[in-house]
Amino acid sequence: MRAPSATATAMLATLACVSCAPEGRAPEMLPGHSRPVLEHDWLHPDELEFEDSGFRAVDPGSARLTTPSGARAYVIADPADPLVTIVAAVPLGSHFEEDGEIGAAQAVSRGLDGTLRERLGPGLVASTAVSQERDVTVLSVEVMAEDWHAALTAVVGTVREPAPGASGGSAGRVGGRGGGGGRARAVAELTTLVARHPIAPPDPEVRVRADAVQALGRRALRPAAVVFGVGGGVTRDEVEAALVELTAGWAADPGTGPVAAARPPTAAAARTQPQPLHTIDRPGFMSWTALGHAMPAISPEDEAAVAVLEEVVNIRLNIATREIRGLTNRAMLVLPKATDGAGVLHVWTGSRAESVGPLIRYSVAELTRIRTAAGAPSREELDQAKGGLALGRWQESLDGARRTAATYAVETVRRGSLDYLIAWPAAVLAVTAEEVTAAAVEYIDPGAMTAVVVGQIDDVRAARHPRWPVALDEVPSQLRPMGRVSGQQYEEE
């Protein structure tokens, strides 16, 4: 056998050195791996110095305009942009549904979607979307710059004269708890189980009353309620002239009052406790889990701390469930996005059958730990969370003319002004670890959690993870003592 060469001997010596721990300290191991972290003299991110990014948001005053009919808009021109984005933000969603109107917001948004596509027609190349959250519905069209007038005409015409089903006429069925993919199915079921105000009728065969759709549509689709955003390769004067022309004579229906939000649940009402585990049998290789509880309205002074809390918990969930244990590709805490924060707080994740039980266990563990003094976020966690919010997500929402115009329109519908949006980075950067802990104690209640699991339930019940063998039937006792387990069969539509 030949002796190793000098080069090979040097390589072996280097590898041996890498595997050695510094004197007096055990090797620092990467989660899930057998090799230690490479020793290096790289600077810690805190020691790096960066120049100011120079980012400045577009002055809202220079972009804002109001037409004689009362319609508001933000127009931001960028002659170098070959595209134009046009949005119409409408105060429409379950947040505004009154008694007897559950599902009407979804019916109205579907009518708007159909009307918009019909008005655009097949000859116009455009990217369109109609998305709805609890307190706002956004119609969005992206076109080449030369087609902006046709697109704006279609958008204004849609909210001004929607087709039947949007503000009147037949309402038809709305999607209940049976539609959507596995993740959407789990979240929708959890929302319906724990929320005071469900997102849709529980039975997909229920038809929303036409008069309920008419009433909600009249309240939402008024010139003073809708806010437009136009950004990209346009000129402000041309867009302003077009908006004045397109909205001329547009008036609210007589007797239609302003949009009023449904009263958010109080803390006591939000802490409803349905059965701790709800299973839905569905074919497929993946299982989907939504774990959460109803959440009351967030106090304005707590909003920044709650946003940082969400980021910190997501950092920890990723480490606990993905990096250390490899249970899932992603586990994510999602907080309600409505203006008042009321809705459903939940963790959603997808995984193999044997990971469902452990995922619920370790997710609850992280939600419990963040509420304690010992689990307060570290300085590094705070810096990472704040940077992601203030330097990442906030700047991204105002990056470029098209995105800024859309953000300004949506924020104006939600809050009535842009003061909150402009002040958001400073509020986030001022959050302390103690405020995050206090927010967690106030708004997260691990003892009120309900878990919805969608997948091949027999396989999930029988599966055991080789290293973390938490059974599905053990979950109720971990969520709430003496919990009851129920099941529901799922039929593919």
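Here the structure is a predicted model, which is why all the values come from computation and not from measurement. (Residues numbered from 1 in each chain as written. Predicted model: local features only at pLDDT ≥ 70, side-chain atom pairs only at ≥ 80, totals over all residues. Heavy atoms only, no water.)

Caption draft 1: Local environment of the overall build of the protein. When helices and strands are counted, the protein shows 16 helices and twelve strands. Residues classed as buried in the protein amount to 48% of the 493 residues present. In the protein, the proportion of contacts linking residues at least 24 apart, taken out of those at least 6 apart, comes to 82%. A total of about 23900 Å² of accessible surface is found on the protein, and carbon and sulfur atoms cover 54% of it. (Helix = DSSP H or I, 4+ residues; strand = E, 2+ residues; numbered from the N terminus. Buried < 20%, exposed > 50% of the residue type's maximum accessible area, 1.4 Å probe, protein only. Contact = heavy atoms within 4.5 Å. Areas by Shrake-Rupley, 256 points an atom, 1.4 Å probe, with all protein chains shown as cover.)

Caption draft 2: Seen up close, the sheet that holds strand β5 (residues 137-144). Taking strand neighbours across the sheet as the criterion, the six strands line up as β1-β2-β6-β3-β5-β4 in an open arrangement whose pairing is mixed. At either end of the open sheet lies a strand with only one pairing partner, and these are β1 (64-66) and β4 (126-132). Strand-to-strand, the axes of this sheet are offset by a mean angle of 15°, without reference to chain direction. Pairing geometry for strand β2 (residues 72-77) and strand β6 (residues 227-232), over six bridges, is parallel. Within β6, the residue paired with V75 across the bridge is V230. Those strands touched by helix α4 (residues 148-160) are β3 (83-90), β5 and β6, and its axis lies near 10° from that of β3. (Pairing = 2+ DSSP bridges. Axes fitted to C-alpha atoms, helices over the stretch in contact; angles between N-to-C directions.)

Caption draft 3: Representation of the confidence of the model for the protein in the model. Put simply, the protein has an average pLDDT of 83, and 79% of its residues get 70 or more. The low-confidence segment residues 165-179, where pLDDT is below 50, has 57 contacts with residues more than four positions distant or belonging to other chains. In this model, residues 262-271 is a region of pLDDT below 50 whose contacts with residues beyond four sequence positions or in other chains number 28 contacts. (pLDDT = per-residue confidence, 0-100.)

Caption draft 4: Up close: the nonpolar core. V308, L309, L333, I360, I444, L472 and L479 are the most contacted members of the largest nonpolar core, which totals 64 residues. The biggest single contributor to this core is helix α9 (residues 303-323), with nine residues. With residues up to four places along the chain from it excluded, the contact list for I360 reads T289, L291, A451, V453, V475 and L479. The next biggest cluster of nonpolar side chains, apart from the first, holds 44 residues, and it includes V84, F96, A242 and L246. (Core = buried A, V, L, I, M, F, W, Y, C linked by side-chain atoms within 4.5 Å.)

Caption draft 5: Structural detail: the pattern of salt bridges. All chains considered together, the criterion is met by 18 salt bridges. Put simply, R119 and E161 hold a salt bridge, and the shortest N to O gap is 3.8 Å. Of this pair, R119 sits in helix α3 (residues 104-120) while E161 sits in the loop between α4 and α5 (182-194), and the two are 42 residues apart along the sequence. With its nearest N and O atoms 3.1 Å apart, the salt bridge here joins R185 to E189. (Salt bridge = Lys/Arg side-chain N within 4 Å of Asp/Glu carboxyl O.)

Caption draft 6: How the structure looks around the side chain of T321. Summarising the element assignment, T321 is placed in helix α9. Judged by relative accessible area, T321 falls into the buried class, the value being 0%. There is a polar contact of 2.6 Å between the side chain of T321 and the backbone oxygen of L317. Once you skip the residues sitting within four places of it in the chain, T321 turns out to touch G326, L327, T328, A331, L359, Y362 and S363. (Polar contact = N/O pair within 3.5 Å; in protein donor to acceptor, adjacent residues only side chain to side chain.)

Caption draft 7: Focus on the packing of aromatic side chains. All chains considered together, the criterion is met by three aromatic pairs. Arranged with centres 5.8 Å apart and planes meeting at 80°, the rings of F55 and W394 form a pair that is edge-to-face. Of the two residues, F55 is situated in the loop between α1 (6-19) and α2 (60-63) and W394 in helix α11 (residues 379-397); the sequence distance between them amounts to 339 residues. Since its relative accessible area comes to 12%, W394 is described here as buried. Stacked on the ring of W348, the Lys or Arg R183 has its end atom at 3.9 Å from the ring centre. Taking the ring centre of Y362 as reference, the NZ or CZ of R325 above it sits at 3.7 Å. (Phe/Tyr/Trp six-rings, centres within 6.5 Å; stacked < 30°, edge-to-face > 60°. Lys NZ or Arg CZ within 6 Å of the ring centre and 35° of its normal.)

Caption draft 8: Representation of the environment of Y362 in the model. Counting through the fold element by element, Y362 comes out in helix α10 (residues 356-369). With a relative accessible area of 12%, Y362 lands in the buried category. As a C-alpha pair, Y362 and L317 span 45 residues in sequence and 8.1 Å in three-dimensional space. Residues contacting Y362, with those up to four places away along its chain left out, are T321, R325, L327 and W468. One polar contact links Y362 to W468, side chain to side chain, over a distance of 3.4 Å.

Caption draft 9: Summary view of helix α13 (residues 419-429). Of the residues making up α13, those classed as buried are L421, W424, P425 and V428. Burial along α13 is one-sided: seen end-on, the buried residues are contained in an arc of 85°. Among the exposed residues of α13, those oriented more than 90 degrees off its buried face are D419 and A426. Where α13 is buried, its residues touch α9, α11 and α12 (401-415). (Arc of directions from axis to C-beta.)

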